[in-house]
Amino acid sequence: MKATANAGSNIAFVKYWGVRKDRRHRLVPLNPSLSMTLDVARTTTTVEFLAGLRQDSCTINDRPAPPDALERVRRVLDRIRALAHRKDFARIASANHFPTSAGIASSASGFAALALAASRAAGLGEKQHNLVSVAVLGSGSACRSLYGGYVLWSPPDAGGRRPSRLRQVACEDHWQLVDLVVILTRERKAVSSEQGHLLATSSPLLKGRLASLNRLLAKVKRAILHRDLPTLGKCLEADALCMHAVMMTSRPPLLYWEPATLAVLKTVQKLRVKRGLPCYFTIDAGPNIHVITTPDRATGVGRALKKAEGVREILRCPTGRGAFFVEEPLF
Ligand code: PMV
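Bear in mind that the values here come from a model prediction, so they are computed numbers and not experimental data.

A. Quick look at the sheet that holds strand E11 (residues 279-282). Within the open sheet, the four strands sit side by side as E11-E12-E10-E13. Their pairing is antiparallel. Of all strands in the sheet, those with a lone pairing partner are E11 and strand E13 (313-318), marking the two edges. The mean inter-strand angle of the sheet, taken between neighbouring strand axes irrespective of direction, is 25°. Pairing of strand E10 (residues 178-183) with E13 involves six bridges; the strand directions are antiparallel. Following the sheet pairing, Val182 is matched in E13 by Ile314. Contacts between helix H7 (residues 259-275) and the sheet are confined to E10, E11 and strand E12 (289-293), with E11 contributing the most and set at about 155° to the helix.

The structure is reproduced here in structure tokens:
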């Protein structure tokens, strides 16, 4: 059977950074994370299991997937095959609907769409537990894109009794925000987040971050439920800086920022203090900046950010819905 799904990317307000090995030597996150699912930055993926294939094949935007992406796709499909008790290989086609060519990560939207499409194509039900455990094999943060709005991903407990869980804190209609993705560069980063997660425990600052996260998480959830942007904004800026402090102090250090990253952070602060604009920054594992603002102020904030040093392009992504099935396949 052929199945097609669509999913949006997401931006974390409380970041997932760092992994540990569980009793079965699987990598599990060190901390819970909470994100907003994005519209516009979406991916459509079609999957078909076919008896005659000798290996899995995958195209992204009509080109063969690069080897590292293909390896992650195969990890996801191996898990699907194990769950569905089947051995056949699959053909996959994926299309990113991002208006820009790169600059923003497509792994979250890509692997959420792949998990949903592949589980239906393999004849599995769309059980949430299955989908989370499948999507995380492509990229941890991808599981949060299965749901729309504001999504909390809690890792399994240390004893391994409670599996990892996904929960929608609020749906996209509860509160519409805008993520202005400020693109400084489209180059691939030298150290992937997959490699970066393994370095987190070498930072002397990690303990402090982990110890403060439960309080921060409670505050962020409350701010979302009360649609309180100033509180949410302060929290998301603090956590982004804290995560980057962990990155910068790991061994070897991870320095994702470019000089223009700092220039944009300062512009965001200025827009807020001097012009009273409701805008707050966060940064993932790369130099690009995400500026969270309200729909009515997004155009003004975007215009001002465009003038900042080193800004190439700005992508406007509203709060989006979760992953869903699509009728028209890509092949
Ligand atoms: O899902 P990964 O392995 O690409 O890790 C995501 C890491 C961050 O984007 C920096 C934080 C997050 O929670 O999205």
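Next, the rest of the story.
B. Seen up close, the packing of helix H1 (residues 67-84) against helix H2 (residues 107-121). The contact between H1 and H2 brings their axes to 10 Å, and the two run at 30°. Judged by the inter-axis angle, H1 sits roughly parallel to H2. Seen from above, H1 lies across H2 with right-handed handedness. Residues Ala69, Arg72, Val73, Val76, Leu77 and Ile80 of H1 form the contact with H2, whose own contacting residues are Ser107, Phe111, Leu114, Ala115, Ala118 and Ser119. By residue class, the composition of the contact of H1 with H2 is nine nonpolar, two polar and one charged.

C. Examining the domain arrangement of the protein more closely. Partitioning the protein into structural domains gives domain 1 (2-172) and domain 2 (178-318). Taking only C-alpha atoms into account, the centre of domain 1 sits 23 Å from that of domain 2. Domain 1 puts 34 residues into the contact, and the matching count from domain 2 is 45 residues. Carbon and sulfur atoms supply 73% of the area buried between domain 1 and domain 2, which totals about 3100 Å² over both sides. In terms of surface lost to domain 2, no three residues of domain 1 exceed Phe13, Lys15 and Trp17, which account for 28% of the buried area on that side. Here domain 1 and domain 2 share two salt bridges between them. Taken together, domain 1 and domain 2 are joined by nine residue pairs in polar contact (both at pLDDT 80 or more). Breaking the side of domain 1 that touches domain 2 down by element, the ones donating at least two residues are strand E1 (2-14), strand E4 (33-50), H1, strand E8 (150-154) and strand E9 (165-170). Of the residues forming the side of domain 1 that touches domain 2, the biggest block, seven residues, is contributed by E4. Its residues assigned to classes, the side of domain 1 that touches domain 2 comprises 22 nonpolar, six polar and six charged.

Analysis parameters
Residues numbered from 1 in each chain as written. Predicted model: local features only at pLDDT ≥ 70, side-chain atom pairs only at ≥ 80, totals over all residues. Heavy atoms only, no water. Pairing = 2+ DSSP bridges. Helix = DSSP H or I, 4+ residues; strand = E, 2+ residues; numbered from the N terminus. Axes fitted to C-alpha atoms, helices over the stretch in contact; angles between N-to-C directions. Contact = heavy atoms within 4.5 Å. Parallel < 35°, antiparallel > 145°, perpendicular 65-115°, else oblique. Left-handed = near helix turned anticlockwise from the far one by under 90°. Nonpolar A, V, L, I, M, F, W, Y, C, P; charged D, E, K, R; others polar. Domains from an automatic or database assignment. Buried area = accessible area lost by both parts, 1.4 Å probe. Salt bridge = Lys/Arg side-chain N within 4 Å of Asp/Glu carboxyl O. Polar contact = N/O pair within 3.5 Å; in protein donor to acceptor, adjacent residues only side chain to side chain.

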